[in-house]
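# Summary of structural features
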Amino acid sequence: MDKNFNFKKKYGQNFLKDENILNKIVNSCEVNDKDLVIEIGPGAGALTEKLLEKTKKVICFEIDTDLKDLLKPLEINGANIIYGDFLEQDVNKVIKEYKYNNLFIIANLPYYITTPIINKIIDDKLPVNKCVFMIQKEVADRFKASVGTKQYNSLSIFIDYYFEVNKLFDVSRNSFFPVPNVDSTVISLEKRSHNKVNVKNEDLFFKLVRDAFKFKRKTIKNNLKNYNLNIVEAVLKKYNMSLQTRAEAISIEIFKELVDALS
Ligand code: SAM
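Criteria and cut-off values
Sequence order as written defines residue numbering, which begins from 1 separately in each chain. Reporting in this predicted model follows two pLDDT cut-offs: at least 70 for local features of residues, and 80 or more for side-chain atom pairs to be given and counted; totals over whole chains, interfaces and linings ignore these cut-offs and use all residues. With hydrogens and water excluded, all non-hydrogen atoms of the structure serve as input to the side-chain values. Here an axis means a line fitted to C-alpha atoms, over the contact stretch when the element is a helix, while the angle between two N-to-C directions is reported on a 0 to 180 degree scale. Starting at the N terminus, helices and strands are each numbered in turn, a helix being any DSSP run of H or I of at least four residues and a strand any DSSP run of E of at least two. Two helices that cross are described as forming a left-handed crossing if the nearer one is turned anticlockwise from the farther one by less than a right angle, and a right-handed crossing if clockwise. Note on contacts: a residue pair qualifies if any of its non-hydrogen atoms lie within 4.5 Å across the two residues. The residue classification treats Ala, Val, Leu, Ile, Met, Phe, Trp, Tyr, Cys and Pro as nonpolar and Asp, Glu, Lys and Arg as charged. All others, Gly included, are polar. Working definition: a ring pair exists when centres of Phe, Tyr or Trp rings (six-membered ring for Trp) sit within 6.5 Å. Plane angles under 30 degrees give stacked, over 60 give edge-to-face, the rest tilted. Any Lys NZ or Arg CZ that is within 6 Å of a ring centre and within 35 degrees of that ring's normal is treated as a charge sitting over the ring. What counts as a domain boundary in this text is fixed by an automatic or database domain assignment. As used here, buried area is the combined drop in accessible area, with a 1.4 Å probe, of two parts when they are placed together. The salt bridge criterion pairs a side-chain nitrogen of Lys or Arg with a carboxyl oxygen of Asp or Glu, the two atoms within 4 Å. Polar contacts, as used here, are pairs of N or O atoms within 3.5 Å; protein pairs need one atom able to donate a hydrogen and one able to accept it. Residues neighboring in sequence count only if both atoms are side-chain atoms. Think of it in three bands: with a 1.4 Å probe and only protein chains considered, a residue is buried below 20% of the maximum accessible area for its type, exposed above 50%, and partly exposed in between. Proximity criterion: a residue is near a molecule or strand once any of its heavy atoms comes within 4 Å of it. A 1.4 Å probe and the Shrake-Rupley method give the accessible areas. Residues count as covered only by the protein chains that appear here. Should DSSP find at least two bridges between two strands, the strands are taken to pair.

Another aspect to go through is the packing of helix α10 (residues 229–238) against helix α11 (residues 252–262). Between two packed helices, what matters for the description is the angle formed by their axes and the separation of those axes. Between α10 and α11, the least distance of the axes is 9 Å, while the angle of their chain directions is 145°. Here α10 runs over α11; the crossing is right-handed. Listed contacts from α11 to Ile231, Val232, Val235, Leu236 and Lys238 of α10 are Ile254, Glu257, Leu258, Ala261 and Leu262. Residues belonging to the contact of α10 with α11 are distributed by class as follows: eight nonpolar, no polar and two charged.

The next point concerns the packing of aromatic side chains. Enumeration over the complete set of coordinates arrives at 15 aromatic pairs. Joined through ring pairs, the aromatic side chains of Phe158, Tyr161, Tyr162, Phe163, Phe205 and Phe206 make up one cluster. In this structure, Lys68 is placed above the aromatic ring of Tyr83, and the distance from its NZ or CZ to the ring centre is 5.1 Å. The ring of Phe215 has Lys218 sitting right over it, with the charged end atom 5.1 Å from the ring centre.

On to the domain arrangement of the protein chain. When the domains of the protein chain are assigned, the result is domain 1 (9–191) and domain 2 (202–262). Taking the mean C-alpha position of each, domain 1 and domain 2 sit 33 Å from one another. Each partner contributes residues to the interface: domain 1 has 15 residues there, and domain 2 has 14 residues. Across the domain 1 to domain 2 interface the summed buried area is about 1,200 Å²; carbon plus sulfur atoms make up 66%. Close ionic contact of Asp123 with Arg210 constitutes a salt bridge, the shortest N to O distance being 3.2 Å. Between domain 1 and domain 2 we count five residue pairs in polar contact (both at pLDDT 80 or more) in total. Elements represented by at least two residues in the side of domain 1 that touches domain 2 include exactly α5 (114–123) and α7 (154–162).

Next up on the list: the side chain of Gln89. If you trace the backbone, Gln89 turns up in the loop between β4 (80–83) and α4 (91–95). Here Gln89 falls in the buried class, since its relative accessible area comes to 18%. At a separation of 3.0 Å, a polar atom in the side chain of Gln89 contacts the main-chain carbonyl oxygen of Asp85. For Gln89, the contacting residues outside a window of four places in its chain are Phe61, Ile82, Gly84, Lys120 and Asp124.

The full set close to the ligand counts 22 residues, and Leu16, Gly41, Glu62, Asp85 and Asn108 are the nearest of them. The contact in question runs from a nitrogen atom of the ligand to an N or O atom on the backbone of Pro42, over 3.5 Å. Note that a nitrogen atom of the ligand is positioned 3.0 Å from one of the backbone N or O atoms of Phe86. Protein chains shield 98% of the accessible area of the ligand, which is 590 Å² for the free molecule. Where the shell around the ligand is concerned, the elements lending two or more residues are β1 (15–16) and β3 (58–62). Tallied by class, residues from the shell around the ligand come to 11 nonpolar, seven polar and four charged.

As a further point, take the side chain of Lys8. Note on placement: Lys8 falls in the segment before β1. Given the relative accessible area of 14%, Lys8 is considered buried. Discounting residues that sit within four places of it in the chain, Lys8 has contacts with Gln13, Asp64 and Asp66.

One open sheet holds the seven strands; their spatial order is β4-β3-β2-β5-β6-β9-β7, and the pairing between them is mixed. Taken across any chain shown, the strands that pair with only one partner, and hence form the sheet edges, are β4 and β7 (163–171). Sheet twist, expressed as the mean angle between neighbouring strand axes with direction ignored, is 20°. Both strand β6 (residues 130–136) and strand β9 (residues 184–191) contribute to a ladder of seven bridges, which runs antiparallel.

Once that is clear, we can look at the pairing of β9. Among the eight residues in β9, six count as buried, and that is most of the element. Note: β7 against β9, eight bridges, orientation antiparallel. Bridge pairing links Phe163 to Lys191 in β9.

Dropping the structure here:
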């Protein structure tokens, strides 16, 4: 890596320099040459280089055009590098051009963008088999939050609906250049063969869960005032809850029951 490169804090540019960690990340996906890999934020391409040893079907989305010279050799080696903000890309359109068995998404993510990226993967319904993300250690807990905890929110429910989340290993801040002021954790999100719960109306499930968490301090009665509250109350009553309950106390299974009762 060229130490004269102008690292941009606003893009969370802390590049991985630890060979052992790079290998561990790549090996946590069982990628073969028939698989397609999306890498978000290749940086100087350390991870991309290792991915290209497994498959030539690698698409990278990188926001910083100053990295073009550094990434040129990887393009020559087969990577399709798209410059722009990942959040604004029509990813389904890009992957339609490829024939592949499994789709993996790999990223060493800047912490400020972790949640919007996972939201996008879910909202765009990307046909992904497994995601491997390096994220800020403290943020990792939010993705596997249990009902009733402070971290539990609509995103943890949506992740749980589609994916099984596993914490793989921690990575010290000293494995990066420049050294960031937080440690990281690598997690995997593996697509479930069946969604966690089988809801009658998926659109309603997503809408109701979002609405239920809309104002964190408000009760279900307030957040779900546009739904049939008699039905909502009847379901909650079965679980010794009431309209005064808050969304963070409601499990994915009870949300499923609410949706089915309202459908
Ligand atoms: N993958 C490289 C590595 O592990 O060394 C770089 C990781 S660095 C933490 C994050 C990378 O994501 C940077 O290259 C940054 O420019 C890029 N990035 C930040 N925001 C982005 C966005 N919205 N879309 C695409 N890339 C982004």
